[in-house]
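Summary of the model geometry
In case you want the letters, here they are:
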Amino acid sequence: MTTIKTILLLGVLTAIFVAIGGTIRHGAYLPIFLAIAIIMNFVSYFWSDKIVLRMNKARPLPENEAPWLYDMVRELTGNAGIPMPPIYLIDEAQPNAFATGRNPTHAAVAVTTGILQMLDRRQLRGVLAHEISHVKNRDILIATIAAMLATLISYTASMLRWGMLLGGYGGRDRESDGGGLSQLVMIIVAPIAAFLVQMAVSRQREFQADESGAKLSRDPDALASALERIDVGAQRIPNQTATPATASLYIMNPLHGGGIMQGFSKLFSTHPATAERVRRLRAMAGVQVY
């Protein structure tokens, strides 16, 4: 099932990217965009984890800096029956974490300095169980590839948008057959479509990782209370490292808005509502939630 989802995801995002090329100079650049898409799919599969870690400014965390953290991850991965992944640290005040990689043998777990400071060890163990469940469930490949290709689509659309404003890309197209209009529509629609694909993939995988993480840690309430605390921290502390394309990887949306934008961001969030996640976890723990 994971393989089928990955292939479908690659197909949809590749089609979106190639469609952008099809609007430039009446399709003259389509072969170039197709070639780039094929290369990016290859790169995404084999090296997306390293690229995503670098994009989020994560550095390897030596075991001697946090031996207790390594012990915690080692215990959980042992219970899950998967290899011990390398641990990365992101110098970021906002509490958050994510896992990345194409399979349990090629995976990594990243945590922010904020989450190490804000959560107690029981709560942090619940978060790590959630991330390790992503690895065991093999759904991190889908999310990581989506992040990579969505980044490519967003950057390309932005480049073309500036090119149109400066009179570059599509200059002749604008003078015939409405080419400029179709290009403008694609520049606007393509990043939104890529985001919607990410959103559809991300929400269900978070519920699944919450459930399997709670079973792995045998402590659903620890993850529930951790999510509540992370949610508050994510809303109060702006994230300086995450990008819209990589936000779906995190355990909590790192790009919370405020005021009116907060309601808008919840409507189109890559993550389920925290209250619903907490309700499900506390139901697993046998705690009545009103």
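1. Quick look at the overall build of the protein
If you tally the helices and strands in the protein, you get 10 helices and 4 strands. Starting at the N terminus, the α and β elements of the protein follow one another as α-α-β-α-β-β-β-α-α-α-α-α-α-α. The buried share of the protein, taken over its 290 residues, is 53%. Contacts in the protein between residues at least 24 apart in sequence constitute 69% of all its contacts with a sequence separation of at least 6.

2. Some remarks on helix α10 (residues 274–284)
Those residues of α10 not exposed but buried are Thr274, Arg277, Val278, Leu281 and Arg282. Projected down its long axis, α10 shows its buried positions confined to an angular sector of 125°, all on one face. Note on α10: the residue one or two positions beyond its end, glycine 286, has a positive phi of about 80°.

3. Regarding the nonpolar core
By size, the foremost hydrophobic cluster in this structure holds 37 residues, and its most contacted members are Leu69, Ile115, Val127 and Leu128. For this core, the secondary-structure elements that each account for two or more residues are α3 (67–80), β2 (87–90), β3 (97–103), β4 (106–112), α5 (121–137), α7 (179–217), α8 (220–236) and α10.

4. Notes on the pairing of β2
The alternating pattern of β2 places Ile87 and Leu89 on one face and Tyr88 and Ile90 on the opposite face, and all of these are buried. Alignment of β2 against β4, held across 4 bridges, turns out to be parallel. Across the sheet, residue isoleucine 87 finds its bridge partner in β4, namely valine 109.

Procedures and definitions
Residues numbered from 1 in each chain as written. Predicted model: local features only at pLDDT ≥ 70, side-chain atom pairs only at ≥ 80, totals over all residues. Heavy atoms only, no water. Helix = DSSP H or I, 4+ residues; strand = E, 2+ residues; numbered from the N terminus. Buried < 20%, exposed > 50% of the residue type's maximum accessible area, 1.4 Å probe, protein only. Contact = heavy atoms within 4.5 Å. Arc of directions from axis to C-beta. Core = buried A, V, L, I, M, F, W, Y, C linked by side-chain atoms within 4.5 Å. Pairing = 2+ DSSP bridges.

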